[in-house]
Amino acid sequence: MPFERHGSGYIPGNEHNRKVMRDLLNETGPGMCLAKWTQVTMHLGVGLTHSCHHPVAHKIDLEELKDNPSALHNTGVKKKARKQMLNGERPSECDFCWRIEDNTGEISDRALKSLDQYSIHDHDNITQLKGDENVYPRYVEVSFSHACNFKCAYCGPTFSSAWASEIKEHGTYKLSHGGDFNYTTDVPLKASDENPYTEAFWKWFPEAKKHMQTLRITGGEPLMSKHTFKVMEHLLENPEPEMELAINSNGCPPAKLWLKFTDLVNQLTESGSIKKFTLFTSAENSEAAAEYTRTGMDWNLFKQNIEYFMENTKDTRVTFMAAFNILSLTTFKDFLEYVLFLKRRFNRNGMYKWLSESGLDTNDSLQYDLDKYRTQYIPSCAEREENGGSVGNRVGLDIPYVRAPEFLDANTATMEMLQEYLLPAVDYMYKNLANNEWHGLLGFESWEALKLKRIFVDVLIAVKDARNHDETTTRQDIAKQRARFYEFVMEYDKRRGTDFTKSLPGMKSFYNVCKLEHEKLRTETKQDDAT
């Protein structure tokens, strides 16, 4: 069965093509995934790498790196997994996809990642390889350091200098039933230290960039690293007009850096030094809940900076990375409304452009199903083309599922939370899907909604048959994680001067359930000790 294509030849990630890609991969084996070859994330501050956000990152071998800078991507661990895939095996590190496929029948991320434009066209060549070759990736994510002014709840000292300072001052979080939280032996190198991983990157990059479709700089907070600006200036001097550049940011770096960053983006796009630019920013709830989850965030400043970037750049895109976790659950629909507001304000399509050019007022139509973010006026699609350049789809959403730490995994939720908060959030996305026959790009894409749907299904399966009358669980693994969550929140509030139930009032009943799980387990432990 052939892939469906747009007139330009582009292969969209629709349901038909996801099935075709899954079947094509399965011709090689049930564990085949092109991402192991075509994609890489490198954390150079600590020397870690992986090719997908689901498997845990592993150490880059310095001995391999001495003579082969491409070992930033082509590690022994990856080559072993590549051979397994080519030989019809399922690498154990990719268990998230196997869980989705085996338990739900849904199409997993290995098909989605292989369907990406930076993977799909290499399929035939990759399936002819043996697995031990050194290859240049098409999609590269690189973090130069852990410098960051945020302490997000699900992050840690490996990827945040603010977290590292807290751990240095207070120590790790001493939690029961599974060991300490945010203990690490991966101590990031200081910016002033010699870093063999960064040195290898600058040896590898001049040639590697010629093979890249996309280079994405992550963090820490990338705008706090001199190497981020070095890359931008390098590309101004050594253009790669067919390469897409993307940079992550928490949206609240020191003030002058945001202005410098926005100016350099404009220089890169206006000079044609890169093909296009995408800003990836992170949020997974809103207002006080966002500021609680992401210590260091100022929600109003965040919105101001994101909207400033959108208003003062052309031919750019902003994608929100909503790292979905238990703290997201009760306010996620509110966050989705803000994203939808930005889609309606900055995205555009031909039909609505024609409507406004024909003299019709589209303002009310563009504000359908907006409540909190309803405003007096949203620019027409015709006005947006003049102000925003040629890119029509300027606002997007990705919803990765946070699986670690396990006590922040959404599968610790109660049925009450799913009913009251998560189900309405999924409904909201599907109710406001972009319809290409009418308001394409002015709503959520089907693949964006699918990400949340799959999380909902995964959580529901974990919760539905393990419910006691008091909302505690019959599953010992979930009970332990809820108890750990309670201990974590108690210590989190103590260290940071925060108030969990005040910032996330919708989670008060869940907090009480977690407290009850903690008390039950403590009682059971005392009884076991007595016997």
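Here is a short report on the structure shown in this document. Throughout, residues of each chain are indexed from 1 in the direction in which the sequence is written. Under the rules for a predicted model, residues below a pLDDT of 70 receive no local features and side-chain atom pairs below 80 are neither given nor counted, while totals for whole chains, interfaces and linings still include all residues. Values reported for side chains reflect all heavy atoms of the structure, with hydrogen atoms and water molecules removed beforehand.

**Brief notes about unusual backbone geometry**
Stage number 1. Omega for the bond connecting Gly219 with Gly220 falls within 30 degrees of zero, at 10°, which places this linkage in the cis form.
Stage number 2. Pro405 follows Ala404 through a cis peptide bond whose omega is 0°.
Stage number 3. By the criteria applied, helices consist of DSSP H or I runs no shorter than four residues and strands consist of E runs no shorter than two, each listed in order from the N terminus. Inspection of the secondary structure puts Pro405 in the loop between strand 11 (395-398) and helix 18 (415-431).
Stage number 4. Here Glu287, not a glycine, exhibits a phi torsion of approximately 50°, which is positive.
Stage number 5. Turning to its location among the elements, Glu287 is positioned in helix 12 (residues 287-293).
Stage number 6. Each residue's exposure class comes from its accessible area (1.4 Å probe, protein chains only) as a fraction of the maximum for that residue type: buried when under 20%, exposed when over 50%, partly exposed otherwise. Judged by its relative accessible area of 36%, Glu287 is partly exposed.
Stage number 7. Its identity as a non-glycine residue notwithstanding, Glu471 has a phi of 75°, on the positive side.
Stage number 8. On the secondary structure map, Glu471 appears in the loop between helix 19 (446-463) and helix 20 (476-496).

**Here we look at the pairing of strand 7 (residues 240-249)**
Stage number 1. Of all the ten residues making up strand 7, eight are buried; the element is thus mostly covered by neighbouring parts of the structure.
Stage number 2. When DSSP finds two or more bridges between a pair of strands, those strands are recorded as paired. Direction of pairing for strand 6 (residues 214-218) relative to strand 7: parallel, over a ladder of four bridges. What sits directly across from Leu215, in strand 7, is Leu245.
Stage number 3. Every crossover in which the path from the first strand over the helix to the second runs clockwise, viewed with the strands pointing away from the viewer, is termed right-handed. Read as a crossover between parallel neighbours, the route from strand 7 over helix 11 (residues 255-271) to strand 8 (residues 274-282) is right-handed.

**Focus on the sheet that holds strand 7**
Stage number 1. Ordered by their spatial adjacency, nine strands build an open sheet running 3-2-1-4-6-7-8-10-11, and the pairing between neighbours is mixed. Each end of this open sheet is capped by a strand with a single partner; those strands are strand 3 (58-59) and strand 11.

**Here we look at helix 18**
Stage number 1. Compared with the 24 Å implied by 1.5 Å per residue over 17 residues, the 22 Å span of helix 18 between its first and last C-alpha is a close match.
Stage number 2. By the largest-angle criterion, Leu422 marks the main kink of helix 18, which is about 35°, and a proline, Pro424, follows within four residues.
Stage number 3. Those residues of helix 18 lying buried are Met417, Leu418, Tyr421, Leu422, Ala425, Val426, Tyr428 and Met429. Multiplying 1.5 Å by the helix residue count minus one yields the expected span of that helix. Each residue is assigned a bend, namely the angle between axes fitted to the seven residues that terminate at it and the seven residues that start at it.

**What about empty space enclosed by the protein?**
Stage number 1. Only protein atoms enter the 1 Å grid, on which a cavity is a set of points fitting a 1.4 Å probe that cannot get out and a pocket is an open set with protein on both sides within 12 Å along at least 5 of 7 lines, lining residues being those with an atom within 4 Å of a point. Grid points are joined across faces, edges and corners, and a volume is the space filled by probe spheres set on the points. Under the criterion given, the structure shown has four cavities of 30 Å³ or more.
Stage number 2. Quantified by volume, the largest cavity comes out at close to 100 Å³.
Stage number 3. Lining the largest cavity are 13 residues; nearest its centre among them are Cys33, Cys52, Cys94, Cys97 and Arg110.
Stage number 4. Mapped by element, the contributors of at least two residues to the lining of the largest cavity are helix 2 (35-38), helix 5 (95-104) and helix 6 (109-115).
Stage number 5. Of the residues belonging to the lining of the largest cavity, the class tally is eight nonpolar, two polar and three charged.
Stage number 6. Size it by volume and the second largest cavity reaches roughly 80 Å³.
Stage number 7. Along its surface, the second largest cavity is lined by His53, His54, Phe96, Ile100, Asp109, Ile399, Pro400, Tyr401, Lys451, Arg454, Ile455 and Asp458. Under this grouping Gly is polar, as are all residues other than the nonpolar Ala, Val, Leu, Ile, Met, Phe, Trp, Tyr, Cys and Pro and the charged Asp, Glu, Lys and Arg.

**Notes on the environment of Val513**
Stage number 1. Here Val513 is to be found in helix 22 (residues 508-530).
Stage number 2. On the basis of relative accessibility, which here comes to 9%, the residue Val513 falls in the buried class.
Stage number 3. Residues Val513 and Leu301, spaced 212 residues apart in sequence, show a C-alpha to C-alpha distance of 34 Å.
Stage number 4. Here, residues are in contact when the closest pair of their heavy atoms is within 4.5 Å. With residues up to four places along the chain from it excluded, the contact list for Val513 reads Thr414, Asp470, Glu471, Thr472 and Arg482.

**Some remarks on the packing of helix 13 (residues 299-312) against helix 14 (residues 332-346)**
Stage number 1. Interaxial distance between helix 13 and helix 14 falls to 12 Å at its minimum, and their mutual angle equals 20°. With respect to each other, helix 13 and helix 14 are oriented roughly parallel. Of the two elements, helix 13 crosses helix 14, and the hand of that crossing is right-handed. For the pair formed by helix 13 and helix 14, the contact residues are Trp299, Lys303, Ile306, Glu307, Met310 and Glu311 on the first element and Tyr338, Leu342, Arg345 and Phe346 on the second. To get an axis, a line is fitted to the C-alpha atoms, and for a helix only the part in contact is used. The angle between two axes follows their N-to-C directions and goes from 0 to 180 degrees. For this classification, under 35 degrees means roughly parallel, over 145 means roughly antiparallel, 65 to 115 means roughly perpendicular, and everything else is oblique. Each crossing is labelled by how the near helix is turned from the far one, with a counterclockwise turn of less than a right angle marking it left-handed and a clockwise turn marking it right-handed.

**A word on the side chain of Thr38**
Stage number 1. With respect to the helices and strands, the residue Thr38 is situated in helix 2.
Stage number 2. Excluding anything up to four places from it in sequence, Thr38 contacts Tyr118, Ser119, Asp122, Ile126, Pro137, Arg138 and Tyr139.

**Regarding the pattern of salt bridges**
Stage number 1. A side-chain nitrogen of Lys or Arg and a carboxyl oxygen of Asp or Glu constitute a salt bridge if their distance falls within 4 Å. Under the counting rule described, the total for this entry stands at 32 salt bridges.
Stage number 2. Here Glu207 ties to Lys210 by a salt bridge, and the two come within 3.3 Å at their closest N and O atoms.
Stage number 3. Overall, the relative accessible area of 55% leaves Lys210 in the exposed class.
Stage number 4. Arg345 is paired through a salt bridge with Glu311; the nearest N and O atoms lie 2.3 Å apart. With Arg345 in helix 14 and Glu311 in helix 13, the pair connects residues that are 34 residues apart, well separated along the chain.
Stage number 5. Arg345 gets classed as buried once you look at its relative accessible area, which sits at 17%.
Stage number 6. Assessed through its relative accessible area of 44%, Glu311 is described here as partly exposed.

**Observations concerning the state of the cysteines**
Stage number 1. We call a pair of cysteine sulfur atoms a disulfide when they lie within 2.5 Å. This structure, assessed with the given rule, holds zero disulfides.
Stage number 2. With no disulfide of its own, Cys33 has Cys97 as its nearest cysteine by sulfur position, at a separation of 6.5 Å.
Stage number 3. Between Cys52, a cysteine without a disulfide, and Cys97, which holds the nearest cysteine sulfur, the sulfur-to-sulfur distance is 6.2 Å.
Stage number 4. Among the residues examined, Cys52 registers a relative accessible area of 12% and is labelled buried.

**Section: the pairing of strand 8**
Stage number 1. Counting buried positions along strand 8 gives seven out of nine residues, so the element sits mostly inside the fold.
Stage number 2. Pairing between strand 7 and strand 8: seven bridges, direction parallel. Residue pairing in the sheet places Glu240 in a bridge with Ile274 of strand 8.
Stage number 3. The pairing of strand 8 with strand 10 (residues 316-321) spans six bridges and is parallel. Note that in strand 10 the partner of Thr278 across the bridge is Arg317.

Distances and angles like these do not, on their own, reveal function.
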